[in-house]
Structures are given as C-alpha cells and as structure tokens.
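Topology and contacts: notes
For reference, the chains in residue letters:
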Amino acid sequence: MKIFALVIINIFLLAFSSTLGQQTNVDENFLSSDTLCFKYDFKLKDTLIYKVFSFDSISIDYDSPLLRIREEIWQIVCDSLSFDHNFFLSMKLLSYKATESYKESRNVKVENHNWVGRSCWILIDSLGYRLNYGSDDSLKIDMAPGGAFQPNLIVPLGANCKELNETWSVKSLDDLPENGVPVPLLRQYSLFRLKGTIDTLNENCIRLEFIKTGQGSVRTLIDNNQLRVTNVINGFGVLDLSSQRGIPVHLFSTIEQKLTIHLTEEDKQPGYHYINTNYTLIDYKQYVPAKKDSKKNKPAKKNK
C-alpha cells in the first residue's frame, strides 16, 4: 500500500507541476530565506472566524451530478492548552447557504443545514497531528455539508523547519469529527513543498503546497438504513500559515473522491465527489482577560 501511495503521489506531482507554477506564481513576492520554521501556535481563548467558499460535484451510481455552491462560516476557539503545549480546539459551523442544481432543477437556494450549530473538539500538537477528539452528541448521526471527507483546515505539517523549495512526505491517520457523526476516519499521505513567505490578507505568511492521496471510511445512516462509505482521495492544496501568530490564514484545497457505498457486502454503488474549497480568515479575536477593579483591591480606610 505504501509503494502504491508513493507511485500515486509521484504521478500527481508530474501532472500538477506545470499547473502549480501557474496557479501559485508569486515567486517575485517571496522573501529570500535559506530556512524557514513554521508551526501551529494557537493562543488560549482566542477565536478565529473563517469564511468557506466551496464548489461540489456529486454523482452516485452514474446518476446526473448534483452541482452545489456553498458559503459557510466556521468558528475555531482555542479552549485550553495542555501541559506540554498541545491545543484543544473547538470547532463549530455558524452559518450555511448554498445554491444547488440537479437535472431540471436549477439554482435552488438552500438557507440552512442540520450541521449548523453542531460542535466538536480536537486535540492537536504544534505540527497538526491529531491526538484526541470529541463531539457534542456522539449518538446524533449527521454529516457536514461538504461530506465525510471534505478538505479540513488543520493540515498535518509533519515538520517545522525546512529549506526553501524543500519537499518532505507526511503520513497520518486522522479522525475528522468536524466532518460528521459517526466520525470519519482518513488515512492520508501528503507530499509538501516549502514555497517561502508571502504577504496575503495583510498578514506575513509562510506558504506550503501539498499533494495528497488517501483512503477513508465512515458508517452512516441514509433513509433509516445503516451503511458504510469508503473512498479514495487525490488532491492538491496551498496553505498560508501566519509566520507571527502560527494560525492558518488561508487554505485552498481541491480533491477528487472516488466513493463506494456498501449497502450490503454484495450490493455496492460507485460514486464520485469533486470539491474545490477556500478557507479565508475573516476575523481574529485575541482573548484579553478582564481587568480587575483596582478599587476592590485597595484596603478600606478605617475611621478614626
């Protein structure tokens, strides 16, 4: 399996090499540096708000595709830090609206989703590896609007210091509670490249590019029938990580999913789900402890 994954990565690297140069042609804006260091560095009680803009194309069992444009607002809060400086991050979908087209139905507006208001938490280290997770209700089955294997903002980095244009591989097995209940499981292999630094959205960022392949599995409920969904993923992404704050400022990710819906051991349906997604940081609220009333700390004057 490892050899197969490396072969797929090499094929995609060659296929995307010319495209990457065109889509991320910002070398003239990069600051020269031999080595750059990067990591996640969330601060206690800080709140981050992201606007997510996505395009979906979904087809099951060779049916006509469902085309969807999604606009979402996601919130991430650093609830606490562990003694070894890992981060407990709570994640919640605050709002959702979409425009859908399917066969003769065109441009149907959708203003809400069952996943709005659902929350989860993950425990990560400074390199983005997931150490633990939890959900607001582990018995309430549902999926995020982008599905069980949509691109996730917290990308495993696998390293924290690299030279300009250096590449490295990352392997991870990730539980994705922000994508659904039951929690999807994704085993993925990524090949990263350090592009350099760039000013974007008024923030000095370190830019990382990556391609990935992976396999995922999740059990879910459709029309009161329990079934299992597996997939194979190939994708590409660009992550801009703030060099000062250590937080994701922007993520672009595009993935191709080949799905298999296991109705029974014998009855299986093929499908695909293509996704293009942009996460953009639109608000960052740094936690400021409330000031104590200085008068309350002053000793009371005694009457003579």
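Anyway, here's the lowdown on the structure attached to this text. A quick note: this is a predicted structure, and the numbers were derived from the prediction, not measured. (Residues numbered from 1 in each chain as written. Predicted model: local features only at pLDDT ≥ 70, side-chain atom pairs only at ≥ 80, totals over all residues. Heavy atoms only, no water.)

Before going further, it helps to examine the nonpolar core. By size, the foremost hydrophobic cluster in this structure holds 41 residues, and its most contacted members are Tyr40, Phe42, Leu89 and Leu208. For this core, the element with the highest residue contribution is strand β4 (residues 87–102), accounting for six residues. Apart from residues lying up to four places away in sequence, Leu208 is in contact with Phe38, Leu157, Trp168, Phe192, Arg193, Leu194, Gly237, Val238 and Leu239. Judged by nonpolar contacts, the second largest core, of 13 residues, contains Phe149, Leu176, Leu186 and Ile255. (Core = buried A, V, L, I, M, F, W, Y, C linked by side-chain atoms within 4.5 Å. Buried < 20%, exposed > 50% of the residue type's maximum accessible area, 1.4 Å probe, protein only. Helix = DSSP H or I, 4+ residues; strand = E, 2+ residues; numbered from the N terminus. Contact = heavy atoms within 4.5 Å.)

Turning to the packing of aromatic side chains, a few remarks are in order. Evaluation of the coordinates by the stated rule reveals nine aromatic pairs. Between Phe192 and Phe210, the aromatic rings sit 5.2 Å apart at their centres with planes inclined by 35 degrees, giving tilted as the arrangement. With Phe192 in strand β12 (residues 185–200) and Phe210 in strand β13 (residues 203–222), the pair connects residues that are 18 residues apart, well separated along the chain. Each member of the pair, Phe192 as well as Phe210, carries the same accessibility label: buried. Taken together, the aromatic side chains of Phe38, Trp168, Phe192 and Phe210 make up a single cluster linked through ring pairs. (Phe/Tyr/Trp six-rings, centres within 6.5 Å; stacked < 30°, edge-to-face > 60°.)

Throughout the structure, instances matching the rule amount to twelve salt bridges. The partner of Asp56 in a salt bridge is Arg68, and the shortest N-O contact between them spans 3.4 Å. Here the residue Asp56 occupies a position in strand β2 (residues 47–60), and Arg68 occupies one in strand β3 (residues 66–81), the gap between them amounting to twelve residues. This pair shows no difference in class: Asp56 is buried, exactly as Arg68 is. Among the ionic pairs, Glu178 bridges to Arg130, the shortest N-O distance being 2.7 Å. Here Glu178, found in the loop between β10 (167–175) and β11 (180–181), pairs with Arg130, found in strand β7 (residues 130–135); they are 48 residues apart in sequence, far enough to count as distant. Residue classification places Arg130 among the buried residues on the basis of a relative accessible area of 15%. (Salt bridge = Lys/Arg side-chain N within 4 Å of Asp/Glu carboxyl O.)

Turning next to the side chain of Ser172. Considering the arrangement of structural elements, one finds Ser172 in strand β10. Residue class for Ser172 comes out buried when judged on its relative accessible area of 7%. In terms of polar contacts, Ser172 uses its side chain to reach the side chain of Asp174, at 2.9 Å. Ignoring any residue separated from it by four or fewer positions in sequence, one finds Ser172 in contact with Tyr129, Pro156, Leu186, Arg187 and Gln188. (Polar contact = N/O pair within 3.5 Å; in protein donor to acceptor, adjacent residues only side chain to side chain.)

In this section: the environment of Lys258. Here Lys258 shows up in strand β15 (residues 248–262). Since its relative accessible area comes to 53%, Lys258 is described here as exposed. Sequence spacing of Lys258 and Pro270 is twelve residues, and the spatial spacing of their C-alpha atoms is 7.5 Å.

Turning to the state of the cysteines, a few remarks are in order. Overall, the coordinates contain one disulfide when judged by the stated rule. One disulfide in the model links Cys37 with Cys161; its S-S distance is 1.9 Å. Taking the torsion about the sulfur-sulfur bond, which here is approximately 105 degrees, the covalent link between Cys37 and Cys161 counts as right-handed. In this pair, Cys37 is assigned in strand β1 (residues 35–37) and Cys161 in strand β9 (residues 161–163), connecting sequence segments 124 residues apart. (Disulfide = S-S within 2.5 Å.)

With that settled, consider the pairing of strand β16 (residues 268–285). Moving residue by residue along a regular strand, the side chains alternate between the two faces of the sheet. With 14 bridges connecting them, β2 and β16 associate as antiparallel partners. Counterpart to Lys51 in the pairing with β16 is Thr280. In the sheet, β15 pairs with β16 via 13 bridges, with the strands oriented antiparallel. The residue bridging Leu251 from the neighbouring strand is Tyr279, located in β16. Linking β15 to β16, which pair antiparallel, is a turn of five residues. (Pairing = 2+ DSSP bridges.)

Scope: geometric values only; no functional claims are made or implied.
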